[in-house]
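# Close look at the chain arrangement
Spelled out, the chains give:
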Amino acid sequence: MLLSRPNILRSLGRTVAPCRSLHNTAWLWCFRSAVSLDKIYPESDLDLTKPQQIPKTKGHNFSGYVPMDKVQVTYSRSSGPGGQNVNKINTKVDLRFHLASAEWLSPELKEKLATKHKTSITSDGFLVIRSDKTRSQQLNLAEAMDKLRHLIYTAAFVPPPPAVEDIERARRSHC
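Starting afresh in each chain, residues are numbered from 1 along the sequence in its written order. Local features are withheld for residues below a pLDDT of 70 in this predicted model, meaning they are given only at 70 or higher, and side-chain atom pairs are given and counted only at 80 or more; totals for whole chains, interfaces and linings count all residues. Note that water and hydrogens are dropped before the side-chain values are worked out from all heavy atoms of the structure.

An unreviewed UniProt entry annotates the protein chain as Large ribosomal subunit protein mL62 of Scylla paramamosain. UniProt positions are given in the numbering used here, feature names are shortened, and annotations may be inferred rather than shown by experiment. A UniProt comment under Sequence similarities (unreviewed entry) is attached to the protein chain, and it reads "Belongs to the prokaryotic/mitochondrial release factor family. Mitochondrion-specific ribosomal protein mL62 subfamily."

If you want it as structure tokens, here you go:
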């Protein structure tokens, strides 16, 4: 006996939820486990395109969110090995954003980035990050974004104050 779609839903209960499909006529089903993300984090939005609201602490106020509409991404041909593919596909990624007009960064963080990475800043004030590590455009873009986040995190890092034991040890070694 061939079951219709409503009968399948009734027979399987709540454990199966419809998945979105590219075609309106096709229907797919996904198993929803008891450990799915929406059940583990019910208060979370789970939308990766929106910035996450993280409480700002002194010194480290970067959430990791980089607005892609404020970043210019250009692709060019990469150097190095790759056979015939290297002459046809633009895989090298140049990621740049204007440091002074980046409202998603605090003024202190912009100043730290400008002093720490002044060799990566153009005369127009753009911070430029390049990646041509792989032969994939998407992987190079992901690596460039990771480099940008790493630059911002290292600039935002404030070392903790030294412990009392370390201060005492340093005092004794100087005497």
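## Comments concerning the nonpolar core
By size, the foremost hydrophobic cluster in this structure holds 21 residues, and its most contacted members are F97, W104, L105, L148 and I152. In this description a helix means any DSSP run of H or I spanning at least four residues, a strand means any run of E spanning at least two, and both kinds are numbered starting from the N terminus. Listed by contribution, the elements that provide at least two residues to this core are β4 (92-98), α3 (107-116), β5 (126-131) and α4 (137-156). The element best represented in this core is α4, accounting for 7 residues. Between two residues, a contact is recorded if the distance between any of their heavy atoms is within 4.5 Å. Among all residues touching L105, those that are not within four sequence positions of it are F62, F97, L99, K110, L113 and I152. Buried residues of nine kinds, namely Ala, Val, Leu, Ile, Met, Phe, Trp, Tyr and Cys, make up a nonpolar core once their side-chain atoms join them within 4.5 Å. The classification of residues rests on relative accessible area computed with a 1.4 Å probe and restricted to protein chains. Under 20% of the type maximum is buried, over 50% is exposed, and intermediate values are partly exposed.

## Side note on the packing of α3 against α4
At their nearest, the axes of α3 and α4 sit 9 Å apart, and the two run at 105° to each other. If you check the angle between α3 and α4, you find them roughly perpendicular. The segment α3 lies against α4, with L109, K112, L113 and K116 engaging L151, I152, T154, A155 and A156. Throughout, the ten residues Ala, Val, Leu, Ile, Met, Phe, Trp, Tyr, Cys and Pro are labelled nonpolar, Asp, Glu, Lys and Arg are labelled charged, and all others, Gly among them, are labelled polar. A per-class count over the contact of α3 with α4 returns 6 nonpolar, 1 polar and 2 charged. In this analysis, axes come from line fits to C-alpha atoms, helices being fitted only over the stretch in contact, and the angle between any two N-to-C directions falls in the range 0 to 180 degrees. In these notes the angle categories are as follows: under 35 degrees is roughly parallel, over 145 is roughly antiparallel, 65 to 115 is roughly perpendicular, and the rest is oblique.

## A closer look at the side chain of H117
Tracing the sequence through the fold places H117 in the loop between α3 and β5. Residue classification places H117 among the buried residues on the basis of a relative accessible area of 16%. When near neighbours in sequence (up to four residues on either side) are disregarded, H117 contacts L127 and L151.

## Here we look at the sheet that holds strand β3 (residues 72-76)
A pair of strands is considered paired only if DSSP assigns at least 2 bridges between the two. Strands sit in the order β3-β4-β5 across an open sheet of 3 strands; the sheet is antiparallel. Each of the sheet's edge strands pairs with one partner strand only, and the pair in question is β3 and β5. Put simply, the sheet's adjacent strands are angled 20° from each other on average, direction ignored. Note: β4 against β5, 6 bridges, orientation antiparallel. By the bridge assignment, D94 is partnered in β5 with R130.

## Remarks on α3
Each α-helix turn comprises 3.6 residues. Residues three or four places apart therefore point the same way. The complete set of buried residues in α3 reads L109, K110 and L113. Axial view of α3: buried residues confined to an arc of 100°, hence all on one face. In this structure, α3 carries P107, E108, E111 and T115 as exposed residues pointing more than 90 degrees from its buried face. Tucked into the core, α3 has its buried residues touching α4. What the arc measures is the spread of directions leading from the helix axis to the C-beta atoms.

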